[in-house]
Amino acid sequence: MLRQQDVGHRIVVRRIVGIREGRPLFSDALGELVELSETHLTIATAQGRLRVPVAEVHRAKRVPPTRRPTASAVVELELAADEAWPAPVRGRLGDWLLRSADGWTGRANSALPVGDPDRPLPAAVDAIERWYAGHGQPAMVNTPLPLAVPVGAELDARGWTARPLTLVQTVPLTTLLSDPHRVSQEGGPAPGGADRDADGPAVVLDVAPSEEWLAVAAGRKGGLPDSARHILTAVARLRFAQVYADGTLLATGRGTVTGQGRWLGLSLIEVTPSARRQGLAARVVRALAAWGAAEGATHAFLQVEQRNTGAVALYRKLGFTTHHTYLTRVAPPG
């Protein structure tokens, strides 16, 4: 049967759809597993989303993707994401990255095991544990899958736990900007850094976050220490998106261009509860996409927990697909 590690991967499911002459009738479905619970699984198929009760599943397994990303492609994207979310305290184990930011977000407070650690795997994990102990933090490791499966096996043997699975999703910017109702009718940011939809308020893009923008980020991430401000602003090419109506901030987002200029990174896409289901998140994404394209980026990426089904559904509608996944692993206490 399937496990949480299969979320974000291509699967085939044979399910029971009826009974004829005392024998079960089967139907097969092929697609990407986007949600798995104790009672249901949800697959994104070529015909749309399919929600299948677990009780109807006769057989299910992971199958090879139509185009599996190469190890070098995963490394490239992980390094672009690290650039886009830069921890203020950093170290190295060979090619591996060690990152610390006063505990603000898992991404900025975990080791990234891509490349060669320049020592045997058990010794590398020992070194990670010592480094984080020296910074007064629990040791954490982000394990891109399936690239870091050997690292995960070593952590399993040591009793490390795992946080919810995260999907790393990508889309060509041409896809994001192909919608006829894009926020910028001219295909790029309007003068003054604002994109305006004919049917809604402006999406304003600024080089620095406003205090209101920071307050939204603090509410979402549980505070905003100095290290957080470093992470949010210490990128050469970035924009902070805001949507106001009648003086009230309704939606926010952050965009960066990293990875030698190829990748637009999207983060902190947020809409206030009272303004949801009005298309504001999609418009923020497209405004940042227009800016990223003007900066020379060709693709966008974002990271979203697979259990955040509302966000996953939105990004799928915009054309995002899962490039790879990762688990944040946490060392046992003591």
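Residues numbered from 1 in each chain as written. Predicted model: local features only at pLDDT ≥ 70, side-chain atom pairs only at ≥ 80, totals over all residues. Heavy atoms only, no water.

S.K.: What exactly am I supposed to notice about the confidence of the model for the protein here?
M.R.: Interpreting fine coordinate detail is not advised for predicted regions of low pLDDT. Counting all residues, the mean pLDDT for the protein is 89, and 92% of those residues have values of 70 or more. The model gives residues 180-192 a pLDDT under 50, and that stretch makes 23 contacts with residues more than four places away or in other chains. (pLDDT = per-residue confidence, 0-100. Contact = heavy atoms within 4.5 Å.)

S.K.: Honestly, helix α6 (residues 226-233) in this entry has me stumped. Any pointers?
M.R.: Side chains three or four residues apart in an α-helix point the same way, a direct result of the helix having 3.6 residues per turn. Buried within α6 we find S227, A228, I231 and L232. The arc that holds the buried residues of α6, viewed along the axis, is 135°, so those residues lie on one side. Buried residues along α6 sit against α1 (71-84), α5 (211-221), β13 (238-245), β14 (248-258) and β15 (263-271). (Buried < 20%, exposed > 50% of the residue type's maximum accessible area, 1.4 Å probe, protein only. Helix = DSSP H or I, 4+ residues; strand = E, 2+ residues; numbered from the N terminus. Arc of directions from axis to C-beta.)

S.K.: Looking at this model, I keep getting lost on the side chain of T252. Mind explaining?
M.R.: Structurally, T252 is set in strand β14. At 3.5 Å, the side chain of T252 forms a polar contact with the backbone oxygen of L268. The residues contacting T252, other than those within four sequence positions of it, are W213, V216, A241, L268, I269, E270 and V284. (Polar contact = N/O pair within 3.5 Å; in protein donor to acceptor, adjacent residues only side chain to side chain.)

S.K.: For this particular structure, what's the right way to read empty space enclosed by the protein?
M.R.: Leftover empty space is mapped by rolling, across the atoms, a probe with the size of a water molecule. Under the criterion given, the structure shown has two cavities of 30 Å³ or more. Its volume calculated, the largest cavity comes out at about 70 Å³. Around the largest cavity sit A81, A84, W85, R107, R254, T256, G265, L266, S267, F301, L302 and Q303, which together line it. For the lining of the largest cavity, the secondary structure elements donating two or more residues are α1, β14, β15 and β16 (299-305). Along the lines of polarity and charge, the residues of the lining of the largest cavity split into six nonpolar, four polar and two charged. For the second largest cavity, the calculated volume is near 60 Å³. A per-element tally of the lining of the second largest cavity places α1 first, with three residues. Considering only residue class, the lining of the second largest cavity consists of two nonpolar, two polar and four charged. (1 Å grid on protein atoms, 1.4 Å probe; cavity = no way out; pocket = protein on both sides within 12 Å on 5 of 7 lines; lining within 4 Å. Points joined across faces, edges and corners; volume = space filled by probe spheres on them. Nonpolar A, V, L, I, M, F, W, Y, C, P; charged D, E, K, R; others polar.)

S.K.: Even after reading the chapter, I still don't get the layout of surface pockets, so can you show me in this structure?
M.R.: In this structure, the second largest pocket encloses a volume near 890 Å³. Taken together, 33 residues line the second largest pocket, and the ones lying closest to its centre are R67, P69, T321, T322 and H323. Taken together, the elements giving at least two residues each to the lining of the second largest pocket come down to β2 (23-36), β3 (40-45), α1, β10 (166-172) and β17 (321-330). In terms of residue count, β17 provides more of the lining of the second largest pocket than any other element does, four residues in total. Class assignment for the residues of the lining of the second largest pocket results in 12 nonpolar, 13 polar and eight charged.

S.K.: It is not clear to me how the nonpolar core should be interpreted in this structure. Could you clarify?
M.R.: Nonpolar side chains in soluble globular proteins tend to end up buried together. Judged by nonpolar contacts, the single largest core of 53 residues is most densely connected at L41, L176, L264 and F320. Among the elements that line this core, the one with the most residues is helix α7 (residues 280-294), at 10 residues. (Core = buried A, V, L, I, M, F, W, Y, C linked by side-chain atoms within 4.5 Å.)

S.K.: Before we go on, may I ask you to explain the side chain of R329 in this structure?
M.R.: Along the chain, R329 falls in strand β17. Polar contacts involving the side chain of R329 include one to the main-chain carbonyl oxygen of W160, which spans 2.9 Å. Setting aside residues no more than four positions away along its own chain, R329 makes contact with A139, M140, V141, T143, G152, L155, D156, W160, T161 and A162.

S.K.: Just checking my understanding: could you explain the environment of G22 for this structure?
M.R.: By the secondary structure assignment, G22 is in the loop between β1 (10-20) and β2. Note on G22: relative accessible area 67%, which makes it exposed. For the pair G22 and Q260, spaced 238 residues apart in sequence, the C-alpha to C-alpha distance is 61 Å.

S.K.: How do you make sense of the environment of P122 when you look at a structure like this?
M.R.: Mapped onto the secondary structure, P122 falls in helix α2 (residues 121-134). A C-alpha to C-alpha distance of 9.2 Å links P122 and L155, two positions 33 residues apart in sequence. In contact with P122, other than residues within four places in its own chain, are E154 and R158.

S.K.: What is the right way to look at the packing of aromatic side chains in this model?
M.R.: Think of a pair of aromatic rings as described by two things: how far the centres are apart, and how the planes are tilted against each other in angle. In this structure the tally under the stated criterion is five aromatic pairs. Taking the centre distance of 4.9 Å and the plane angle of 85° together, the rings of W213 and F240 count as edge-to-face. Within this pair, whereas W213 is found in helix α5, its partner F240 is found in strand β13, the two being separated by 27 residues in sequence. Each of the two residues, W213 as well as F240, counts as buried. Seen from their ring centres, W263 and F301 are 6.1 Å apart, and the 75° between their planes marks the pair as edge-to-face. On the criterion of sequence distance, the pair formed by W263 in strand β15 and F301 in strand β16 is long-range, its members being 38 residues apart. Residue classification places W263 among the buried positions, given a relative accessible area of 3%. (Phe/Tyr/Trp six-rings, centres within 6.5 Å; stacked < 30°, edge-to-face > 60°.)

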